[in-house]
Amino acid sequence: MSTPRYTDHIQSLSSESPFIGPERHERATGTPFTARLGANENIFGPSPKAIEAMAQAAQDVWMYADPEAYELRSALAAFHNVARENILVGEGIDGLLGDLIRLLISAGDAVVTSAGAYPTFNYHVTGYGGTIHTVPYVEDHEDLPSLIAKAREVDAKLIYIANPDNPMGTHHAGSTITQHLADIPDDCLLILDEAYIELAPAGTEAQYDIEHPKVIRMRTFSKGYGLAGARAGYAMGARDLIKNFDKIRLHFGGNRASHAAALAALHDQDWLAQTRAQIEAAKQTIAQIAQDNSLTALPSATNFVAIDTHKDGTFAKALVGALADQGIFVRMPFVAPQNRCIRISCGRPQDLEAFAKALPIALQNI
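Summary of the structure given here. As the structure is a computational prediction, the values presented were derived from the model and not from experiment. (Residues numbered from 1 in each chain as written. Predicted model: local features only at pLDDT ≥ 70, side-chain atom pairs only at ≥ 80, totals over all residues. Heavy atoms only, no water.)

So, the sheet that holds strand β10 (residues 304–308)
Here's step 1: The three strands are arranged β9-β10-β12 in an open sheet whose pairing can be described as antiparallel. The sheet terminates laterally at β9 (296–297) and β12 (341–345), the two strands that pair on one side only.
Here's step 2: Strand direction decides the pairing type here: β10 and β12, joined by five bridges, are antiparallel. Counterpart to Ile 307 in the pairing with β12 is Ile 342.
Here's step 3: Together, β9, β10 and β12 form the strand contacts of helix α11 (residues 269–292), whose direction differs from that of β10 by roughly 15°. (Pairing = 2+ DSSP bridges. Helix = DSSP H or I, 4+ residues; strand = E, 2+ residues; numbered from the N terminus. Contact = heavy atoms within 4.5 Å. Axes fitted to C-alpha atoms, helices over the stretch in contact; angles between N-to-C directions.)

A look at the nonpolar core
Here's step 1: In this structure, Ile 216 and Leu 323 are the most contacted members of the largest nonpolar core, which totals 61 residues.
Here's step 2: Those residues in contact with Leu 323 that lie beyond four places of it in its chain are Ile 328, Val 330, Ile 342, Phe 355, Ala 358, Leu 359 and Ala 362.
Here's step 3: Listed in part, the 24 residues of the second largest apolar core include Ala 53, Leu 227, Ala 261 and Leu 263. (Core = buried A, V, L, I, M, F, W, Y, C linked by side-chain atoms within 4.5 Å. Buried < 20%, exposed > 50% of the residue type's maximum accessible area, 1.4 Å probe, protein only.)

Notes on the pairing of strand β4 (residues 131–135)
Here's step 1: Where strand β3 (residues 110–114) and β4 come together, five bridges link them in parallel fashion. Paired with Val 112 across the strands is His 133, a residue of β4.
Here's step 2: The parallel pair β3 and β4, bridged by helix α6 (residues 119–127), forms a crossover whose chirality is right-handed. (Right-handed = clockwise from strand over helix to strand, strands pointing away.)

Observations regarding the packing of aromatic side chains
Here's step 1: For the structure shown, the criterion picks out eight aromatic pairs.
Here's step 2: Between Phe 19 and Phe 334, the ring centres sit 6.4 Å apart and the planes meet at 40°, which makes this aromatic pair tilted. With Phe 19 in the loop between α1 (8–11) and α2 (22–29) and Phe 334 in the loop between β11 (328–329) and β12, this pair connects stretches of sequence that are 315 residues apart.
Here's step 3: Across the ring face of Phe 304, the terminal group of Arg 343 is positioned such that the distance to the ring centre comes to 5.4 Å. (Phe/Tyr/Trp six-rings, centres within 6.5 Å; stacked < 30°, edge-to-face > 60°. Lys NZ or Arg CZ within 6 Å of the ring centre and 35° of its normal.)

Some details on the pattern of salt bridges
Here's step 1: Enumeration over the complete set of coordinates arrives at 19 salt bridges.
Here's step 2: In this structure, Glu 153 and Lys 150 form a salt bridge, with 3.4 Å as the shortest nitrogen-oxygen distance. Taken together, the residues Glu 153 and Lys 150, both in helix α7 (residues 144–154) and three residues apart, mark about one turn of the helix.
Here's step 3: Between Asp 308 and Arg 340 there is a salt bridge whose closest N-O contact spans 2.9 Å. (Salt bridge = Lys/Arg side-chain N within 4 Å of Asp/Glu carboxyl O.)

With respect to the sheet that holds strand β8 (residues 233–236)
Here's step 1: With mixed pairing, the seven strands of this open sheet are ordered in space as β2-β8-β7-β6-β5-β3-β4. Strand pairing shows two members of the sheet lacking a second neighbour, β2 (87–90) and β4, which therefore form its edges. Neighbouring strand axes in the sheet, compared pairwise and without regard to direction, differ in orientation by 20° on average.
Here's step 2: Where β2 lies against β8, four bridges are found, and the strand directions are antiparallel. Within the sheet, the bridge partner assigned to Val 89 lies in β8 and is Tyr 234.

Here it is, written out as structure tokens:
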């Protein structure tokens, strides 16, 4: 029987996704979830203006998207007061991470991340044969000084940090990030994943020269702007770095409707402010639900809340399963000691009401 000649590296990899979608569970059980609270999606949804723009763009979907994403990049450049040449538009942060790894990482190259941090970064690194080195969280926060020290030790090409963090929802002040930039080793690049920055407290955004040679920051329209299914994100960095992406990115990988929706969402900051208020209210509700069940909600700078079960990963995994049995989809961190927690997306009142009813039953059933 003839088969393709896969590389030895590809044959050594697992074909499992970093995340298992709730749809798989629904197909297996034949029952939809009552509340979808596990994927860090913005359940409050996008601006109506973004939906309208997407619908209008669909009429021209027979055309490829502009491979330069000129209009969206121009708007983003104006919004952030940088040059258009400092902006790269991609298929969400996940797509941008894949492009960056392809750009910089070959077999055996070292990268540094936190143990248990966003697994899609690791997925891309592993796919290109890079070597992952990790440091532990410190009090449920990623620790940039430790990451930099490890990078120096292993001669890493890349350091990854999310601020605010996924999966814990914690954050650092932007000034904390900025003060350590000078410590990054030469020929090493810091990836600053700011997927949740629009939802974070004032002062979380790091301030530095966009032409800084050792930093690339990545943002998305999936979280605060509610366009996760549209897959639209962008990176900001030094012009030379951004230009080099043109050597390897999918020039026609963008989606006309996604770009139109992202542009409209960017211009509707009032909707974003309304969403932030709903998320803050939901976080208070989740904290109260946790307290009512002798659990503890950790402070969150995102659109989800990590709830400390005060036990271990085995217990938390059982609780995730017991909640699924009650029709509530949630997730949990993967690595100890953070895997003592479960993670709940901020939802609408009816979603959190369903969670509140299911949680005590799930705890009893473990």
